[in-house]
Amino acid sequence: VSMLGTMVGGAVHLAVLTASPASAPGAAAAAAGVPLIERRVRREQARSLVTHYPSVARTLRIGRPDLPRKFDDGGLVDVNTAPEPLLASLPGLGAYHAKLIVLARTAQGPFGSVDDLIGRDVLPSWALHSLHDVLVAVPPPPAGDDLDAAPVMEPEAAPGAALPPRPHDPSD
C-alpha cells in the first residue's frame with residue numbers, strides 16, 4: 001500500500017511541477033507584471049552605473065531617451081541633460097516645471113541628486129514623489145574631460161526667458 005501511495009504521490013508531484021504556469025489561476029495577472037519588474041530592475045542597474053561609474057553612464061546615455069542608444073535604462077530621464085520638451089512630456093510635470101528645471105541647472109549648475117529639485121525649490125514634493133522612479137541626476141563630466149562633450153545650453157534656458165503660466169498647485 002505504501003508503494004502505491006508513493007507512486008501516486010510522485011505522479012501528482014510531477015504533474016504539478018511540469019504544469020504550464022499559464023494554466024495556473026492568476027497567471028495572466030502575474031505575467032502582466034513581468035515587464036514592469038524588468039523595467040524596475042533595469043532602472044536600478046542604471047542608477048548603480050550612475051552612482052559608481054558616471055562616465056560609463058554618460059557614454060551609455062542613461063537618462064537620455066531622446067538620443068539614439070543601445071542600453072535600456074528602464075525609462076530614466078536625466079534632470080541634468082534632458083531637453084525641456086522631454087521633461088515637459090513627463091506625467092504631472094508640464095511646461096512650467098520643465099522650464100524651471102532647465103533654468104535652475106543653467107543658472108545654479110547641475111543637480112547633485114534628484115532631491116535637489118526640492119532643495120532648490122524647483123519642484124514641489126508632490127511632483128517629485130510621483131516622478132522619483134524615473135528621474136536621475138547623472139553627474140556632468142569633470143572639467144577638462146575630453147571623453148564627454150560639453151553640454152549644450154538649450155535656447156529656452158537663455159537669461160530672461162519667460163516662464164509659461166504657473167499651473168495650479170494641489171497643495172495650495
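Higher on the page you've got the structure.
What comes next is a walk through the structure.

## Section: unusual backbone geometry
Phi angles above zero are rare outside glycine, and Arg61 is one such case at about 60°. The residue Arg61 is located in the loop between helix 4 (54-59) and strand 1 (77-78) in this model. Residue classification places Arg61 among the partly exposed positions, given a relative accessible area of 34%.

## Focus on the nonpolar core
Among the nonpolar cores identified, the biggest contains 22 residues, and Leu87, Ile101, Phe111, Leu117, Val122 and Leu135 are the most heavily contacted of them. At the level of elements, helix 5 (84-88), helix 6 (94-108) and helix 8 (125-131) are the ones that each hand at least two residues to this core. A total of six residues in this core trace back to one element, the largest contributor, which is helix 6. Discounting residues that sit within four places of it in the chain, Leu87 has contacts with Val77, Ala82, Leu93, Ala98, Ile101, Val102 and Arg105. Counting eight residues, the second-largest nonpolar core is a separate cluster that includes Ala46, Leu49, Ala57 and Val136.

## Brief notes about the pattern of salt bridges
All told, the structure shown has five salt bridges when counted by the stated rule. Between Asp133 and Arg40 there is a salt bridge, with its nearest N and O atoms 3.3 Å apart. Of this pair, Asp133 sits in the loop between helix 8 and strand 2 (135-136) while Arg40 sits in helix 3 (residues 34-52), and the two are 93 residues apart along the sequence. Across the pair Glu84 and Lys99 runs a salt bridge, and its minimum N-O distance is 3.5 Å. Remark: Lys99 occurs in helix 6 and Glu84 occurs in helix 5; sequence separation between them is 15 residues. Neither Glu84 nor Lys99 differs from the other in exposure class; each is buried.

Rules used throughout
- Residues numbered from 1 in each chain as written.
- Predicted model: local features only at pLDDT ≥ 70, side-chain atom pairs only at ≥ 80, totals over all residues.
- Heavy atoms only, no water.
- Helix = DSSP H or I, 4+ residues; strand = E, 2+ residues; numbered from the N terminus.
- Buried < 20%, exposed > 50% of the residue type's maximum accessible area, 1.4 Å probe, protein only.
- Core = buried A, V, L, I, M, F, W, Y, C linked by side-chain atoms within 4.5 Å.
- Contact = heavy atoms within 4.5 Å.
- Salt bridge = Lys/Arg side-chain N within 4 Å of Asp/Glu carboxyl O.

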